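If you want the building blocks of each chain, they are given just below.
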Amino acid sequence: MMSINENNNIKKKDLPKNRSGAEIFVDTINDLKIDYIFGHTGGAIMPMYVEINKRISRHEKTPEVIMFRQEPGAGHAAEGYSKIKGKPLLVCATSGPGATNLVTPIADCFADSIPAIFVTGQVSSNYLGTNAFQEVPITKIVSPITKLAILVKNANEIESALRKAYDISLSGRKGPVLIDICKDAFNGKNNEEPLINSSIEKKIEDKFDKKVIDEMLKQFAKAKKPIIYIGGGIKIDDSYELLKTFAKKYDSPVGMTLMSLGSIPRDNKLSLGMLGMHGTIEANNAAKNSDFILGIGVRFDDRVAVKDFGNHAKICHVDIDASEINKIRKVDYEINTSAKRFLEYAINNGPSRTEDLNDWHNQISEWKKMNPKLDEEKDEIIPQIFIKELSNLTSGKSIIATGVGQHQMWTAQYYNFINPTDFLTSGGLGTMGYGLPAAIGAYFTKSNKEIILIDGDGSFQMNMQELGTVVQNKIPLKMFVINNGLWGLPMQWHEMFDEGNLFECCLERDLTCPKNCSSFKTCKKRNNNPDLINLDKVYPGLKTARITRPEEMIPMIKEVLAHKGPYLVDVQIKKESYILPIIPPGKGIDDIITEY
Ligand SMILES: Cc1ncc(C[n+]2csc(CCOP(=O)(O)OP(=O)(O)O)c2C)c(N)n1
Ligand SMILES: [Mg+2]
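Keep in mind that what you see is a predicted model, and the values were worked out from it rather than measured.

Visitor: Sorry if this is basic, but what is going on with the overall build of the protein here?
Guide: The helix and strand inventory of the protein stands at 22 helices and 19 strands. The globule rule puts the C-alpha radius of gyration for 596 residues at 25 Å, and the 25 Å found for the protein is close to it. Counting over 596 residues, the protein shows a buried share of 53%. Expressed as a percentage of contacts within the protein between residues at least 6 apart in sequence, the contacts between residues at least 24 apart total 74%.

Visitor: Before we go on, may I ask you to explain the site of ligand 1 in this structure?
Guide: Neighbouring ligand 1 are 19 residues; G405, G456, G458, S459 and G488 lie closest to it. Looking at side-chain class alone, the shell around ligand 1 contains 7 nonpolar, 11 polar and 1 charged residues.

Visitor: Is there a simple way to think about the nonpolar core in this case?
Guide: As a rule of thumb, soluble globular proteins bury nonpolar side chains together. Membership of the largest hydrophobic core comes to 172 residues, with the highest contact counts inside it found for F38, V91, A165, I179, A439 and A442. Every residue in contact with A442, bar those within four places of it in the chain, is listed here: G80, Y81, I84, I399, A401, L424, S447 and I451. Counting 8 residues, the second largest nonpolar core, distinct from the first, contains L486, L489, C506 and F520.

Visitor: I keep staring at the sheet that holds strand β15 (residues 423-424) and nothing clicks. Help me out?
Guide: Backbone-to-backbone hydrogen bonds join strands into a sheet, with any given pair of strands oriented parallel or antiparallel. Within the open sheet, the 6 strands sit side by side as β15-β14-β16-β17-β19-β18. Their pairing is parallel. Edge positions in the sheet fall to β15 and β18 (543-547), since each of these pairs with one other strand and no more. In this structure, β18 lies alongside strand β19 (residues 567-572), joined through 5 bridges in parallel fashion. Across the sheet, the residue bridging to T544 is L568, located in β19. On top of the sheet, helix α16 (residues 406-414) reaches β14 (399-402), β16 (451-456) and β17 (478-483); it is set at about 135 degrees to β16, its chief contact.

Visitor: What should I look at first to understand the environment of N154 in this one?
Guide: Its location among the elements puts N154 in the loop between β5 (148-152) and α7 (158-170). Take N154: there are 20 C-beta atoms within 10 Å of it, and that puts it in the buried class. Taking the C-alpha atoms as reference points, N154 and R329, separated by 175 residues in sequence, lie 45 Å from one another.

Visitor: I tried to follow the sheet that holds strand β10 (residues 271-274) on my own but got confused; where do I start?
Guide: The strand order across the open sheet built from 6 strands is β10-β9-β8-β11-β12-β13, with neighbouring strands paired in parallel fashion. Pairing within the sheet leaves two strands with one partner each, and these edge strands are β10 and β13 (333-335). Here the average twist between neighbouring strands, direction ignored, is 15 degrees. Direction of pairing for strand β8 (residues 226-230) relative to strand β11 (residues 292-296): parallel, over a ladder of 5 bridges. Residue Y229 lies in a different strand from β11, and its bridge partner there is G295.

Visitor: Quick question: what am I supposed to make of the packing of helix α15 (residues 383-393) against α16 here?
Guide: When two helices pack together, their arrangement is given by the angle between their axes and by how far apart the axes lie. For the pair α15 and α16, the least separation of the axes is 9 Å and the interaxial angle reads 50 degrees. As judged from the angle between their axes, α15 and α16 are oblique. The crossing of α15 and α16 is right-handed. On α16, the residues that touch P383, Q384, I387, K388 and S391 of α15 are H407, W410, T411, Q413 and Y414.

Visitor: When you look at unusual backbone geometry in this model, what are you seeing that I'm missing?
Guide: The phi torsion of most residues other than glycine is negative, and most of the peptide bonds are trans. A cis amide bond links N529 to the next residue, P530, at an omega of 5 degrees. Secondary-structure assignment places P530 in the loop between α20 (488-497) and α21 (535-538). In this model, L580 is joined to P581 through a cis peptide bond whose omega is 0 degrees. Its location among the elements puts P581 in the segment after β19. Positive phi is not limited to glycine here, since S113 has a value of about 55 degrees. By secondary structure assignment, the location of S113 is in the loop between α5 (103-112) and β4 (116-122). You can call S113 buried: it has 26 C-beta atoms within 10 Å.

Visitor: Help me understand the domain arrangement of the protein in this model?
Guide: Quite often, the size of an interface is put as the accessible area lost when its parts meet. Partitioning the protein into domains gives domain 1 (2-204), domain 2 (210-368) and domain 3 (383-579). If you average the C-alpha positions of domain 1 and of domain 3, the two centres end up 33 Å apart. When contributions to the side of domain 1 that touches domain 3 are tallied by element, the ones reaching two or more residues are α3 (71-85) and α5. No other element matches the 11 residues that α3 contributes to the side of domain 1 that touches domain 3. Residue composition of the side of domain 1 that touches domain 3, by class: 10 nonpolar, 5 polar and 6 charged.

Visitor: Honestly, the packing of α15 against helix α22 (residues 553-562) in this entry has me stumped. Any pointers?
Guide: Where α15 contacts α22, the axes come no closer than 10 Å and their chain directions differ by 45 degrees. By the angle between their axes, α15 is oblique relative to α22. The handedness of the crossing between α15 and α22 is right-handed. Taking contact as the criterion, the partners of F386, E389, L390 and L393 in α15 are, on α22, M553, I554, I557, K558 and L561.

Visitor: Would you take a moment to explain the pairing of β14 for this structure?
Guide: In summary, the side chains of a regular strand alternate between the two faces of the sheet. Burial of β14 is two-sided: the residues I399 and A401 facing one way and the residues I400 and T402 facing the other way are all buried. Of the strand pairs in this sheet, β14 and β16 are connected by 4 bridges, and their pairing is parallel. Among the inter-strand pairings, A401 is bridged to a residue of β16, identified as L453. What joins β14 to β15 is α16, and the crossover it makes is right-handed.

Visitor: How should I be thinking about α22 in this particular structure?
Guide: Residues that lie three or four places apart on an α-helix share one face, since the helix turns once every 3.6 residues. Within the sequence span of α22, burial applies to M553, I557 and V560. Relative to the axis of α22, the buried residues are bounded by an arc of 65 degrees and lie together on one face. For α22, the exposed residues lying more than 90 degrees away from the buried face are P555, K558 and A562. Elements in contact with the buried residues of α22: α15, β17, β18 and β19.

Definitions and cut-offs
- Residues numbered from 1 in each chain as written.
- Chains lettered and ligands numbered in written order.
- Predicted model: local features only at pLDDT ≥ 70, side-chain atom pairs only at ≥ 80, totals over all residues.
- Helix = DSSP H or I, 4+ residues; strand = E, 2+ residues; numbered from the N terminus.
- Rg over C-alpha atoms; globule rule 2.2 N^0.38 Å.
- Buried ≥ 20, exposed ≤ 12 C-beta atoms within 10 Å, placed from the backbone.
- Contact = placed C-beta atoms within 7 Å.
- Near = placed C-beta within 6 Å.
- Nonpolar A, V, L, I, M, F, W, Y, C, P; charged D, E, K, R; others polar.
- Core = buried A, V, L, I, M, F, W, Y, C linked by C-beta atoms within 7 Å.
- Pairing = 2+ DSSP bridges.
- Axes fitted to C-alpha atoms, helices over the stretch in contact; angles between N-to-C directions.
- Parallel < 35°, antiparallel > 145°, perpendicular 65-115°, else oblique.
- Left-handed = near helix turned anticlockwise from the far one by under 90°.
- Domains from an automatic or database assignment.
- Right-handed = clockwise from strand over helix to strand, strands pointing away.
- Arc of directions from axis to C-beta.

So this is what it looks like as structure tokens:
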């Protein structure tokens, strides 16, 4: 009999005949060299855990199993792992609420092209469609946000479903897949008729077109005000070294999205920093005035490609996903291939630049000087300064996870990433609660880098239960909660654009608050609810501290970095802190606000 693949350690002939679906499941994931299952349990998925349990007690090979306190914890942790490792693990949960709890991490993976395999238990096949206990049609629910969603009703289908899911999650534009396995498929026996049915699959093709690329590069080499615009495609393909070579060859400035920060370090002459709503003055002005924008592995997202973006430019879009090209911006050159394939070709075959770009670089240096100055407050912690200190004390070399909000943007602006895979943040979906579990997932990559969470007080509370997972597994996470007692980002929008109608953004509000509260400039209320420093009593082994004054920042960061176990610091910042610059929603680059 043939082996499953060339390098496997399990040969089919070595496997007992008549294996159960659960046995086939574990044999297959062993063969796929899946390192971890991040999961939660419940009725429909239990047969799979029983099989793993039996094997562990027989000292047989299985992936390591890490249990999370709620399913989204497992899902976002898988994202943190996969962004760093570039390969998927399995997220396993039960049917019904277990499955629906995974919808947010699945959508997050889809938005940020993260490969991950989600496995849900399902009710027995004879109960499908009967509104059985804990039955939801999860393949139908997630089909628009997965690359593949398969319902498996029979033990025979499990192996091929897993193999297909693994390949598809990693092929073309990477992303999430879901396999929904009926309980009787786990328990049933294989009768040797492998089949896949009920699958909903989206195909991605690579249409590398040399002629279009040659013509485009000819024009790019002549452009007088070129910029390269890069996104997560650069990171996912590990193409950032190629990108640096390419940018140098054409002496072209590079603007980055949130997903590609660090591809070109901030101190490199060619780095424009971040583009878009909270991007740098030089990046946005360059995008407005450019005569040629070359987008690589990037979406023309409305938060980045704002009004005026590229209005005077020829635009080229290189992307592995054809459906992204011409979706938001009509482009002049469509190049449907991977960032890596394009860059390799362009570096080796593209014509050289003929004219120098000194005027363009000088203009960019002038714009650089117009970036906002930091708040000079001496009595309170200025969040941007805190993040700058953290960046300096870690030399920009740590893995940083964030939630979503002001703290996320301050991190993007002031942590000087030198490696794009070090920044774990929810870009496309903007999922609060992503940070803590993503940082946990990063730990399981066994990276020797420090893993640091910079979270918001709002975001942290969305998945705070995973502190249980942290202390249980003795994960030495360094956690800084940037605490303003606010859902700060919407607060900033209301204050700036809605005449201060912002009451719903205050975590410290109660019904006795003044009815006309429209600013946090005067309210200094600090309820400390929850009182983060008391979490050391709730979670054994967790060390906690609070800082409120600027002079406490550096000693605290040093202490945390020197500590061996998990450490949580409540960083109480000046409440009325703003992300600047900001291009107001729907407005253009000239409307950018740099002072508030
Ligand atoms: C799951 C989810 N719900 C709501 C939002 C909308 N939202 C964006 S930022 C934000 C507030 C974030 O608060 P916090 O984590 O404290 O960060 P801060 O802005 O204060 O730094 C909200 C409610 C979101 N992005 N994700
Ligand atoms: Mg906050």
